[in-house]
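# Report on the structure
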Amino acid sequence: MRFLRACALAAFLPACSYAIDGRYNFQTPQTLIAHDINELHAWIMAVIAVIFVAVFGVMFYSIFKHRKSSGHKARHFHENTTVEVLWTLIPALILVVMAWPAAKVVLAQKNTGDAELTIKATGYQWFWGYDYLDHGFGFKSKLATPREQIDNYKSDGQAKSEHYLLEVTEPMIVPVGTKVRILTTANDVIHSWGVPAFGVKQDAIPGFIRDTWFKADRIGTFRGQCVELCGRDHGFMPIVVSVVSKDDFKAWVDKKQKEAKAAADDPNKVWTRDELIARGKTVYDANCAACHKADGAGGGPFPALTGSKITTGPVAAHIGIVLNGKGAMPAWQGLSDTEIAAVVTYERNALGNKVGDFVQPKDVKAARK
Amino acid sequence: MTAATDTLDLAKHGEAGHHGHDDHGHHALTGWRRWVYATNHKDIGTLYLWFSFAMFITGGVMALGIRAELFTPGMQFWQPEFFNQLTTLHGIIMVFGAIMPAFTGLANWMLPLMLGAPDMAFARMNNWSFWLLPPAALLLIISLFVPGGAAAGGWTLYPPLSLQFGMGMDLAIFSVHLLGISSIMGSINIITTILNMRAPGMTLMKMPMFAWTALITNYLLVAVAPVLAGAVTMLLTDRHFGTHFFKAVGGGDPVLFQHIFWFFGHPEVYIMALPAFGVVSQIIPTFSRKPLFGYHSMVYATASIAILSFMVWAHHMFSVGMPATAQLFFMFMTMLIAVPTGVKVFNWIATMWQGAMSFETPMLFAVGFICLFTVGGFSGLVLSIAPVDTQMHDTYYVVAHFHYVLVAGALFSLFGAVYYWLPKWTGYMYDEKMGKLHFWWSMIWFNVTFFPMHFLGLAGMPRRIPDYPLQFTDFNAMASVGAFCFGIGQLLFLYNVIKTIRGGVGPAPANPWEAHTLEWEVPSPAPHHTWESPPDERLVKKGLVAQSLE
Ligand code: HEM
Ligand SMILES: [Cu+2]
């Protein structure tokens, strides 16, 4: 009896997929578009199921009935214009009834007009930066899962948290029921920003801006991952979006704006070397350590900074390479003058280097021309 | 010996004079010289087939490396960089090293026999097109050991990522150049052979389906191989000579590469699929003891698929952000391919219908092909719907889809072809029991490996990641177990083939399956030189009548 029940359950699995969220089917849709996509998919699967049963039914009937071993004699027909025309036309008609609703969803997906909130998502190797263009602040959103949970090389490693690889230092926050337009771009290579529950996925392409949109129906936290191979840590750049009430969103924006104001650098400020080194370390750890390693030792295709020609040679070349990139090294135009001045100073006076000179924001500004 | 074989002997008697002389000249080469200097289409076919099997095993071991890492969450065996190198090399090696050369090898071995030609049109060039392959493969393998390791940008080599890697990427680019030159020379040879060297009375519309698919496939190859060569050459100049084709900082466009790549890449998918259709169209009628149903519509369907394949490339790029009109155009075109593909499947089923079927190993693989290829076709239809593709793009759903087409499609049909023609090649029958075991074993574990990937993709697991969130654990574990079992099963195939070469279960008659194409009219094993004088018109006609082509 229990066995029968298990069988019945197995047979109904596809049907109860909504209940088993994101196990045998799409994650539960949270936007109208995601909902439409689900419906489209269900409709296509239904059509396919019918065709599947019909075609395979005929084939397996034939396989069992028209065997040589059961004495069946072959009949030598080899053409029938009527059926051939029919089985060309009928599938074509079926395609039309599939294409029609699909086209409507395509047009809705592409309509990014009348957005109430615009956020720019920038892909970096390997994390996301979010800029709230309407509110003048931005932040970086990085993997929060500790390395000890990821590395199992020697043993089973640390126990993995519930949202293993899907948790970030700071999620993107949006208000519920609001049409949010996402602009995507990238700093280095192509990444792709997507949240399955919202039915959005848009490549982030360096040098270009693309857009997509969503309007979340429900408060909650929704997760995705970078979906375009972007190098070493492609598997480790999650996307987390928290949908909050409109009031909570307002309060959060106020707080972030105040913080941004407090943290803003005065571009004309003259810094001391130690200030620059201290500031430079935070910039370095956030942006450069991923490839060149925290101690500047480099690895693989990424050169060591300790004792390198650039970090110990003329300072102009050093600023140049940070600003413009070279080969595997992306251009860091997106960092502020102060940040670049700080990180260059840091690289020349830490990480085992002792050049002794330092750079002011105005030098970087001049180098940008 | 069948009466047909006697006819061949008659033909030979007619010019016994030249014959002995000719045979002498060529048989002088023995040992390694026979292979290195090979110009005989059968020897070259054999070389191609062994090379492609070696690459299949190499790429397969890499796939197992991927699956081992993905068995449980967390990183256990490889560093992420190396994982990416594994996926990249696995893809390149399987596509360019295993599947494509295998079909070229089959064409080399079988086309002259099936068409009644003495050899390929350009026998010396044929030697070159094969011998470019081993150095190309070597470049790929060596690239694993250079500083920075092999290319790790996926087999699609998208820039700007592919501009970042070290020397391994340059080696991959040179390797692709060599592979491309080899394919173009091979194609020209195949096309010329088919167009110029058919037996008297065998018009284009009467030649075997396998020849048709080879003809169309190789036209596709000549058209698109230079496109790929161009794309990777542009990568090379961007990397080393200061051009900015794909670098946004210099005014280039990274998406341009994707357009060029997929203008090659989509037809490439059919370059791996169409010959499989041809093989299946030979096997199914033979074991159904009925002529192929709808020969003409098969030819037209194959040609339409080939033409449409040039108009759908951007369905690989729905997420780069195209205008709505482009999105709609590519969606409709892609859906349209389902029509000719459907026609082919219906024709195969109609061929079986009311036949007198028996299920020797080649037939099992052919029927397995139809079942699984249809599943791959269905998932392709799902992917063609642009909004649904938004969810699926670059997830494991795509990995499942293309393995249903490439492993269950191309590879299964190749297995079928090998079992089908092995008696002709070796002169011995293979071990049927072991062949059947190989089929069922592969069938079961293939599905255990790749079916769960549909679910992983639906749930949103991105492809090309070395580690994954916890909700994907069970299906990944299942896929890994399946992959290892599938891989081990392939040793059965190797064993069976070697055993057959050494005598198998006994000598094979000239026509063990009672098939009607010309290759079965020569003795088994096929002598080193066949059809030195074209087959008699009556002989050709007899076969055509049996296939209902006349
Ligand atoms: C034992 C059989 C095979 C197994 C277990 C296997 C497994 C895999 C896996 C796990 C991936 C990585 C997917 C990802 O992370 O995106 C992959 C990728 C791929 N496989 Fe296979 N595979 C097999 C055979 C084949 C064959 C016969 C082909 C023939 C053409 C093939 C073509 C590819 C391609 C083109 C890719 C994409 C590589 C890329 O992402 O750049 N595979 N395979
Ligand atoms: Cu990324």
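As a convention, each chain's residues are numbered from 1 in the sequence order in which they are written. Here chains are named by letter from A upward and ligands by number from 1 upward, in the order in which they appear as written. In view of the model being predicted, local features appear only for residues whose pLDDT reaches at least 70, and side-chain atom pairs are presented and counted only at 80 or more, with totals across whole chains, interfaces and linings using the full set of residues. In computing side-chain values, all of the structure's heavy atoms are included and hydrogens and water are not.

## A closer look at the overall build of chain B
- Numbering goes from the N terminus for both helices and strands, where a helix is a DSSP run of H or I of at least four residues and a strand is a run of E of at least two. Check the secondary structure of chain B and you find 20 helices and zero strands.
- Relative to the 2.2 N^0.38 estimate, which gives 24 Å for 550 residues, the radius of gyration of chain B is 23 Å and therefore close to what a compact globule would have.
- Summarising its shape, the C-alpha atoms of chain B cover approximately 70 × 50 × 45 Å along the three principal directions.
- In chain B, buried positions account for 68% of the 550 residues.
- In chain B, 83% of the contacts between residues at least 6 apart in sequence involve partners at least 24 apart.
- Summed over its atoms, the accessible surface of chain B is roughly 17,500 Å², and 71% of this surface lies on carbon and sulfur atoms.
- Of the side chains in chain B, 23 bear a positive and 27 a negative charge, and the two mean positions are spaced by 4 Å. The quantity called the radius of gyration is restricted to C-alpha atoms. Its globule counterpart is 2.2 Å times the number of residues to the power 0.38. Exposure classes here rest on a 1.4 Å probe applied to the protein chains alone. A residue is buried below 20% of its type maximum, exposed above 50%, and partly exposed in between. Whether two residues touch is decided by their heavy atoms; if any such pair falls within 4.5 Å, the residues are in contact. Values of accessible area rely on a 1.4 Å probe in the Shrake-Rupley scheme; residue burial ignores everything except the protein chains shown. Counted as positive: Lys and Arg. Counted as negative: Asp and Glu, with His and the chain ends omitted from the count. Charged groups are reduced to one reference atom each: NZ for lysine, CZ for arginine, CG for aspartic acid, CD for glutamic acid.

## Some points on the coordination of the iron atom of ligand 1
Residues and elements named next belong to chain B.
- Distances decide who is a donor: an N, O or S atom must be within 2.8 Å of the metal, or within 3.2 Å for Na, K and Ca. Water is not included, so sites may look incomplete. Around the iron atom of ligand 1, the protein contributes the donor atoms His90 (NE2) and His403 (NE2), at 2.0 Å from the metal centre.
- The rule is simple: four donors are tetrahedral if all their angles sit between 85 and 135 degrees, four are square planar and six octahedral if opposite donors span more than 155 degrees and the others lie between 65 and 115, and anything that fits none of that is irregular. The coordination sphere of the iron atom of ligand 1 comprises six donor atoms, whose angles at the metal cover 88 to 179 degrees; the geometry is octahedral. Taken together, the residues histidine 90 in helix H5 (residues 80–115) and histidine 403 in helix H17 (residues 396–426) connect sequence positions 313 residues apart.
- Looking at histidine 90, the relative accessible area reads 14%, which means it is buried.
- By relative accessible area, which is 12% here, histidine 403 ends up buried.

## A closer look at the sheet that holds strand S1 (residues 117–124) of chain A
Residue and element names in this part refer to chain A.
- The strand order across the open sheet built from five strands is S3-S2-S1-S5-S8, with neighbouring strands paired in mixed fashion. At either end of the open sheet lies a strand with only one pairing partner, and these are strand S3 (137–141) and strand S8 (210–214). Neighbour to neighbour, the strand axes of the sheet diverge by 25 degrees on average, direction disregarded.
- Two strands are counted as paired when DSSP detects at least two bridges linking them. Bridge count for strand S5 (residues 180–186) against S8 is five bridges, and the pairing is antiparallel. Considered in S8, the bridge of valine 180 is made with phenylalanine 214. Whenever a helix is involved, its axis is fitted only over the stretch in contact; in every case the axis is a line through C-alpha atoms, and angles between N-to-C directions fall within 0 to 180 degrees.

## Quick notes on the interface of chain A and chain B
- Across the contact, 90 residues belong to chain A and 95 residues belong to chain B.
- Computed with a 1.4 Å rolling probe, the buried area is the accessible surface lost when two parts are put together, summed over both parts. With both sides pooled, the region where chain A packs onto chain B buries about 8,100 Å², and carbon together with sulfur makes up 68% of that total.
- Of all residues in chain A, Trp87(A), Tyr153(A) and Leu229(A) give up the largest surface area on contact with chain B, accounting jointly for 9% of the area buried on that side.
- Elements supplying a minimum of two residues to the side of chain A that touches chain B: helix H2 (32–65), helix H3 (81–110) and strand S7 (200–204) of chain A.
- The classification used treats Ala, Val, Leu, Ile, Met, Phe, Trp, Tyr, Cys and Pro as nonpolar, Asp, Glu, Lys and Arg as charged, and all other residues, Gly among them, as polar. Each residue belonging to the side of chain A that touches chain B can be placed in one class, and the counts come to 48 nonpolar, 24 polar and 18 charged.

## Description of the confidence of the model for chain A
- Confidence of the prediction at every residue is given by pLDDT, a number between 0 and 100. Looking at chain A, pLDDT values average 86 and 94% of them are 70 or higher.
- In this model residues 1–20 of chain A is a low-confidence stretch, pLDDT under 50, and it forms six contacts with partners more than four residues away in sequence or in other chains.

## Remarks on the domain arrangement of chain A
Residues and elements named next belong to chain A.
- Here the bounds of each domain stem from an automatic or database domain assignment. When cut into domains, chain A gives domain 1 (2–110), domain 2 (117–146 + 166–263) and domain 3 (273–368).
- One C-alpha centre belongs to domain 2, the other to domain 3; they are set 27 Å apart.
- Across the contact, eight residues belong to domain 2 and seven residues belong to domain 3.
- At the boundary of domain 2 with domain 3, total buried surface from both sides reaches about 680 Å², with 45% on carbon and sulfur atoms.
- When the area that domain 2 buries against domain 3 is broken down by residue, the three leading residues are Gln125, Asn187 and Arg232, summing to 48%.
- Within this document, salt bridges are pairs made up of a side-chain nitrogen of Lys or Arg and a carboxyl oxygen of Asp or Glu, the two lying within 4 Å of each other. Taken together, the links from domain 2 to domain 3 amount to zero salt bridges.
- A 3.5 Å cut-off defines polar contacts: any pair of N or O atoms within that distance qualifies, except that in protein one atom must be a possible hydrogen donor and the other a possible acceptor, and neighbouring residues in sequence count only when both atoms are side-chain atoms. Linking domain 2 with domain 3 are two residue pairs in polar contact (both at pLDDT 80 or more).
- Of the residues contributing to the side of domain 2 that touches domain 3, the split by class is three nonpolar, one polar and four charged.

## Here's the deal with the pattern of salt bridges
- This model, assessed by the stated rule, comprises 17 salt bridges over all chains.
- Across the salt bridge formed by Glu170(A) and Lys256(A), the nearest N and O atoms sit 2.6 Å from each other. Placement of Glu170(A) in the loop between helix H4 (147–150) and strand S4 (172–175) and of Lys256(A) in helix H5 (residues 246–263) is noted, with a sequence separation of 86 residues between them.
- With a relative accessible area of 22%, Glu170(A) lands in the partly exposed category.
- A salt bridge links Arg538(B) to Asp536(B); its shortest N-O distance comes to 2.9 Å.
- Assessed through its relative accessible area of 68%, Arg538(B) is described here as exposed.
- Asp536(B) gets classed as partly exposed once you look at its relative accessible area, which sits at 31%.
- Shared partners join several salt bridges into a network, and the residues in it are Glu170(A), Lys256(A) and Glu259(A).

## Thoughts on the packing of helix H10 (residues 209–240) of chain B against helix H11 (residues 254–288) of chain B
Residue and element names in this part refer to chain B.
- Running from N to C, H10 and H11 point in directions that differ by 160 degrees, and their axes come no closer than 8 Å. Relative to H11, H10 is oriented roughly antiparallel. Taken as a pair, H10 and H11 cross one another with a handedness that is left-handed.
- The class makeup of the residues in the contact of H10 with H11 is 24 nonpolar, five polar and no charged. Here the angle decides the label: under 35 degrees means roughly parallel, over 145 means roughly antiparallel, 65 to 115 means roughly perpendicular, and every other value means oblique. Should the near helix be turned anticlockwise from the far one by less than a right angle, the crossing is left-handed, and should it be turned clockwise, the crossing is right-handed.

## Quick word on the packing of aromatic side chains
- A pair of Phe, Tyr and Trp rings is counted when the ring centres sit within 6.5 Å of each other, with Trp represented by its six-membered ring. The angle between the planes then sorts it: under 30 degrees is stacked, over 60 is edge-to-face, the rest tilted. Overall, the coordinates contain 77 aromatic pairs over all chains when judged by the stated rule.
- For the ring pair Phe198(A) and Phe214(A), a centre distance of 4.4 Å and an interplane angle of 20 degrees mean the geometry is stacked. Within this pair, whereas Phe198(A) is found in the loop between strand S6 (191–195) and S7, its partner Phe214(A) is found in strand S8, the two being separated by 16 residues in sequence. Take Phe198(A) and Phe214(A): they sit in the same class, and that class is buried.
- We call a charge positioned over a ring when the NZ of a Lys or the CZ of an Arg lies within 6 Å of the ring centre and within 35 degrees of the ring normal. Residue placement shows Lys140(A) over the ring face of Tyr124(A); its charged tip is 5.5 Å from the ring centre.
- When the ring centre of Phe77(A) is taken as origin, the NZ or CZ atom of Lys290(B), which lies over that ring, is 3.7 Å away.

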